[in-house]
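Report on the structure
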Amino acid sequence: MTNNDLRSNRTSVAYVQSLEKRVKDLEMHITQMRGTVDSGIDEVESVGSLNASDGSVENLNSGGLSTNIGIYPSNSLSLKRPRPPITQTSSQRQLLNLSKNPTILKGLSLFFKWLYPGHFMFIHRETFLNSFFGDFNTKSYYCSEELVYAIFALGAQIADRSDDVANMGAEYYRRSKSMVLTKIFQLNEDLNDESTSSSKLAIIQTLLCLAFYDIGHGDNPMAWYLSGLAFRISYEIGLHLNPEAWAHVYEDELSGVDIEVRSRVYWGCYIADHLITLLFGRTTILKLSNSTVPETDELPEIESGIEDFIFDPKCTLSMAKPLKNLIVVCRITEVFAPKIFGQSEFPMQRREHLSKFNLEMYNWRKDLPKELRWSRSTIKNMHDFNPSRAYIWFHYYLVLISYNKPFLEELKLSRELITEHIDELSLLLEGWEIKFGGFQTTNLYMVYCVILSLQCMKTETISNRHYKQFMAFLKSPSLTYEIAKKFVDNDNEPAGTEPLDLLLGTLSSGTDLKLEYNLDFTLLNEIDLLIGGSNGPML
């Protein structure tokens, strides 16, 4: 029985006619959309049938790079067949053109094969490539024109000198920097409406890629400025916060993969911040005490179609475990940096803190998962050098040598540790040269580890038996980093010349950085009680 009889409520004729018109318009719109999508799918299927014999749309030569029609298998981030969009923006059309450019593809291939992940963990390769190659089931903001140019510039750094790619790196670096700064500072009014919280993910990644390009060229001030912008933008869009706080930050609905990618971007930024801080002797911007976003887990991988962008397609690349273990290293340094280098500490206390720091680092290395663990004996017997895994070792060397170097004259333990790790670095350089026949594809980690080791040898407090080998590495014609050349040139300066230090020091000049341990860690005081978690403080 109906409690309220609404039959007596008569609707006006005008209201009924408006509803009928609305329904008719919607039906027409749905019919048009169905026809557009169906014709697009027919076009894709016809292209696929024409190329069924070789499985590719076109062969993008100049290095054997190709784009396969089946680049996205059922287990990729894209679970549906790619289909043409109903409309394309100018930036999407430009990306489509870039994805067919053999030169661009070669530069990207060099980057992802040799430099990734390294200190570029803020990039998730699979979502970037999905978006770059036009998978319309992957959100387009995971790739941008300026990010492609920045990654290309990094790949061009390690290209053969005779290759055209190597000569184009600087131009694409400048183009990328101009585009990203125009967006950030809204220098083009037509682009103001395109800026969203999600689109700023690619801006953050672009800025950090440009910063590491500058570090490779010894332009430390510019690297400091660009990386600082990236870290502050990551705060602006709330990357450091728990995903539950993102309800009103992002303009689109986030899937589980979207949340994991954002977590990867943030923690990659966190590690990059600590690395740059270590090199420049400055305080970190991204604080663990302010970071509530969970650590990233393994993300889906594309198992076929991107072989040109993987160092070893047969080897599964784990990202979550190395990332989480490097976060632990950063946590250790956050605790001990103000105690070891703080001006308020007495010399005896600083030495005690350094001993505790060295013990924490020793335990960290000992407790690494089996697949990440290494030792002097394993380096000697290593038959297959994989640079996509060795970066965690070089990060460890940089941290440990940097923290012990100021105490070479005071502490025997510091001298012994640095000597031991320089011996291991020597074995790694030998293994790299034997495996690859030169140092063309070396990463920045190796270059800075060698420079830091040479500085230690120059103090005459430790053996210099590897000095010639390490200088030969920096002088190698196959090594393409400008910073190596600057260090060698300064080493050849006449006696009495002010020594050039490219690691820790002031940032007032890009060509005259003096070694000073005047680190300002006052902003890290809040970490002491927060860093220990449920187990309490480390100290």
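Here the structure is a predicted model, which means the values were calculated and not measured. (Residues numbered from 1 in each chain as written. Predicted model: local features only at pLDDT ≥ 70, side-chain atom pairs only at ≥ 80, totals over all residues. Heavy atoms only, no water.)

1. Things to note about the pattern of salt bridges
Quick reminder of the rule: Any Lys or Arg side-chain nitrogen found within 4 Å of a carboxyl oxygen on Asp or Glu counts as a salt bridge. By the criteria applied, helices consist of DSSP H or I runs no shorter than four residues and strands consist of E runs no shorter than two, each listed in order from the N terminus. When a residue's accessible area, from a 1.4 Å probe over protein chains only, is under 20% of the maximum for its type it is buried; when over 50% it is exposed; and in between it is partly exposed.
This model, assessed by the stated rule, comprises 15 salt bridges. We note a salt bridge from lysine 183 to glutamate 146, for which the minimum N-O separation is 2.7 Å. Of the two residues, lysine 183 is situated in helix α6 (residues 164-184) and glutamate 146 in helix α5 (residues 145-157); the sequence distance between them amounts to 37 residues. By relative accessible area, glutamate 146 is classed as buried at 2%. The partner of glutamate 416 in a salt bridge is lysine 412, and the shortest N-O contact between them spans 3.9 Å. Residue glutamate 416 and its partner lysine 412 are both found in helix α14 (residues 412-436); the two are separated by four residues, about one turn of the helix. Owing to a relative accessible area of 56%, lysine 412 belongs among the exposed residues under this scheme.

2. A word on the side chain of threonine 442
Put simply, the rule reads: By definition in these notes, contact holds between two residues if any of their heavy atoms fall within 4.5 Å.
Locating threonine 442 in the fold gives a position in the loop between α14 and α15 (444-458). Setting aside residues up to four positions removed in sequence, threonine 442 forms contacts with Leu115, Ile158, Trp432, Val447, Phe473, Leu479 and Tyr481.

3. A short note on the packing of helix α3 (residues 102-115) against α6
Quick note on the threshold: Axis definition: a line fit to C-alpha positions, over the contact stretch in the case of helices; interaxial angles, taken between N-to-C directions, run 0 to 180 degrees. Between 65 and 115 degrees an angle is taken as roughly perpendicular, under 35 as roughly parallel, over 145 as roughly antiparallel, and anywhere else as oblique. By the convention adopted, Pro, Cys, Tyr, Trp, Phe, Met, Ile, Leu, Val and Ala count as nonpolar, Lys, Arg, Asp and Glu as charged, and the other residues, Gly among them, as polar.
Interhelical geometry of α3 versus α6 gives an angle of 90° and a closest axis separation of 11 Å. It follows that α3 is roughly perpendicular to α6 by the angle criterion. Each of Thr103, Ile104, Lys106 and Gly107 in α3 lies in contact with α6, whose residues at this interface are Val165, Met168 and Tyr172. Each residue belonging to the contact of α3 with α6 can be placed in one class, and the counts come to four nonpolar, two polar and one charged.

4. Focus: the packing of α5 against α6
To be explicit about the condition: Note on convention: near helix rotated counterclockwise from far helix by under a right angle means a left-handed crossing. Clockwise means right-handed.
Packing of α5 against α6 brings their axes to within 7 Å, and their N-to-C directions diverge by 150°. By the criterion of interaxial angle, the relationship of α5 to α6 is roughly antiparallel. Seen along the crossing, α5 lies across α6 with a hand that is left-handed. Residues Glu145, Glu146, Tyr149, Ala150, Phe152, Ala153 and Ala156 of α5 form the contact with α6, whose participating residues are Val165, Ala166, Met168, Gly169, Tyr172, Tyr173, Arg175, Ser176, Met179, Val180 and Lys183. Along the lines of polarity and charge, the residues of the contact of α5 with α6 split into twelve nonpolar, two polar and four charged.

5. Comments concerning the nonpolar core
Worth spelling out the cut-off: For this analysis, a nonpolar core means a set of buried residues of the types Ala, Val, Leu, Ile, Met, Phe, Trp, Tyr and Cys, connected via side-chain atoms within 4.5 Å.
In this structure, Phe128, Phe132, Phe357, Tyr397 and Leu474 are the most contacted members of the largest nonpolar core, which totals 147 residues. For this core, the element with the highest residue contribution is helix α9 (residues 256-280), accounting for 13 residues. Setting aside residues up to four positions removed in sequence, phenylalanine 132 forms contacts with Leu95, Leu98, Ser99, Ile104, Leu105, Leu108, Cys143 and Val148.

6. What about the packing of aromatic side chains?
Counted only if it meets this: Two rings from Phe, Tyr or Trp (for Trp, the six-membered ring) form a pair when their centres are within 6.5 Å of each other. A pair whose planes differ by under 30 degrees is stacked, one over 60 is edge-to-face, and the rest are tilted. Two conditions define a charge located above a ring, namely a distance within 6 Å from the ring centre to NZ of Lys or CZ of Arg, and an angle within 35 degrees of the ring normal.
As enumerated under the stated definition, the model contains 35 aromatic pairs in all. Taking the centre distance of 5.9 Å and the plane angle of 65° together, the rings of phenylalanine 120 and phenylalanine 122 count as edge-to-face. For the pair tyrosine 266 and tryptophan 267, a centre-to-centre distance of 5.2 Å together with 75° between the ring planes defines the contact as edge-to-face. With a relative accessible area of 0%, tyrosine 266 lands in the buried category. These aromatic residues form a ring-pair network of at least three members: Phe111, Phe112, Tyr116, Phe120, Phe122, Phe128, Phe132, Phe133, Phe212 and Phe309. In this structure, arginine 175 is placed above the aromatic ring of tyrosine 149, and the distance from its NZ or CZ to the ring centre is 5.3 Å.

7. Quick word on α15
Put simply, the test is: Working rule for helices: expected span equals 1.5 Å times residues minus one. Any pair of nitrogen or oxygen atoms within 3.5 Å is treated as a polar contact; in protein, a donor-acceptor pairing is required on top of that, and neighbouring residues in sequence qualify only through side-chain atoms on both sides.
In this model α15 runs 21 Å from its N-terminal to its C-terminal C-alpha over 15 residues, within 8% of the 21 Å that 1.5 Å per residue would give. Summarising burial for α15: 14 of the 15 residues are buried, a large majority. Its side-chain oxygen 3.2 Å from the backbone nitrogen of tyrosine 445, asparagine 443 forms the N-cap of α15.

8. Regarding the environment of serine 377
With respect to the element layout, serine 377 can be found in helix α12 (residues 376-380). As for serine 377 and glutamate 424, which are separated by 47 residues in sequence, their C-alpha atoms are 9.3 Å apart.

9. Notes on the confidence of the model for the chain
This is how the line gets drawn: pLDDT is defined as a per-residue confidence score from the predictor, taking values between 0 and 100.
Summing up the model confidence of the chain, the mean pLDDT is 80 and the portion of residues at 70 or higher is 76%. The low-confidence segment residues 37-64 (pLDDT under 50) makes 29 contacts with residues lying over four places distant or belonging to another chain. Taken together, the stretch residues 66-86 has pLDDT below 50 and engages in 65 contacts with residues farther than four places along the chain or on a different chain.

10. Observations concerning the side chain of serine 291
In this fold, serine 291 is placed in the loop between α9 and α10 (320-341). Setting aside anything within four residues of it in sequence, one finds serine 291 in contact with His240, Tyr266 and Trp267.

11. Remarks on unusual backbone geometry
Cis geometry marks the peptide bond from tyrosine 116 to proline 117, where omega comes out at 0°. Along the chain, proline 117 falls in the loop between α3 and α4 (125-132). Positive phi, normally seen in glycine, also occurs at glutamate 460, with a value near 65°. Along the chain, glutamate 460 falls in the loop between α15 and α16 (467-475).

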